[in-house]
Amino acid sequence: MRAAFTALGACAGLLVSTVVRSASTTPLTELIARAGNTDDDQERQALLKHIATLPALDELTRAEAAKLTDFVRKWTDGELKVYNAQNRGHPKKEQVNDDFALSAASPLQPLTDIYLGRIIAWNLIEDSTARSSPERGPLYKRT
């Protein structure tokens, strides 16, 4: 199962790399690319923490970097336990996504795909009826 998560992380990292390469190269885009391309969640957490301290960042992006740093810290410490705890008692169809509390235009948004991929993969592995469910199946096939 860990291999599946690693593969998903690598795919998401490639996505981040592609998005970042198309933008102008700045310290922010370079740090985001490094965070997206590492296989080490602790390194990603350290890079996000560094991003949150960049003096040129606007307050919204700084706050989003801090939120994402905290999410990655919780994930690194507890992996899926964090996700499970926040979804306990919610209907399964609401457990497919996590908004990560970032704006849609956030430059950090591509980094969330790494964790969203892991969450979706875990749901599909743990609940063998998810893909065949007429109600929930399409939720996993949206991308």
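Cut-offs used in this document
- Residues numbered from 1 in each chain as written.
- Predicted model: local features only at pLDDT ≥ 70, side-chain atom pairs only at ≥ 80, totals over all residues.
- Heavy atoms only, no water.
- Core = buried A, V, L, I, M, F, W, Y, C linked by side-chain atoms within 4.5 Å.
- Buried < 20%, exposed > 50% of the residue type's maximum accessible area, 1.4 Å probe, protein only.
- Helix = DSSP H or I, 4+ residues; strand = E, 2+ residues; numbered from the N terminus.
- Contact = heavy atoms within 4.5 Å.
- Axes fitted to C-alpha atoms, helices over the stretch in contact; angles between N-to-C directions.
- Parallel < 35°, antiparallel > 145°, perpendicular 65-115°, else oblique.
- Left-handed = near helix turned anticlockwise from the far one by under 90°.
- Nonpolar A, V, L, I, M, F, W, Y, C, P; charged D, E, K, R; others polar.

Novice: Can you tell me about the nonpolar core, naming the residues and giving the values?
Specialist: Looking at soluble globular proteins, one finds that nonpolar side chains tend to be buried together. Judged by nonpolar contacts, the single largest core of 26 residues is most densely connected at Leu48, Ile51, Leu68, Phe100, Leu108, Leu111 and Tyr115. Counting residues per element, the ones that place at least two in this core are α2 (27-37), α3 (41-51), α4 (59-78) and α6 (109-126). When residues in this core are grouped by element, the largest group, seven residues, is from α6. For Phe100, the contacting residues outside a window of four places in its chain are Leu68, Phe71, Thr112, Tyr115, Leu116 and Ile119.

Novice: So what's going on with the packing of α3 against α4? Residues and values would help.
Specialist: Running from N to C, α3 and α4 cross one another at 160°; their axes reach a closest spacing of 9 Å. What the angle tells us is that α3 and α4 run roughly antiparallel. Classified by chirality, the crossing of α4 by α3 is left-handed. Where α3 approaches α4, its residues Asp41, Gln42, Gln45, Leu48, Lys49 and Ile51 are matched on the opposing element by Ala65, Leu68, Thr69, Val72, Arg73, Trp75 and Thr76. Tallied by class, residues from the contact of α3 with α4 come to six nonpolar, four polar and three charged.

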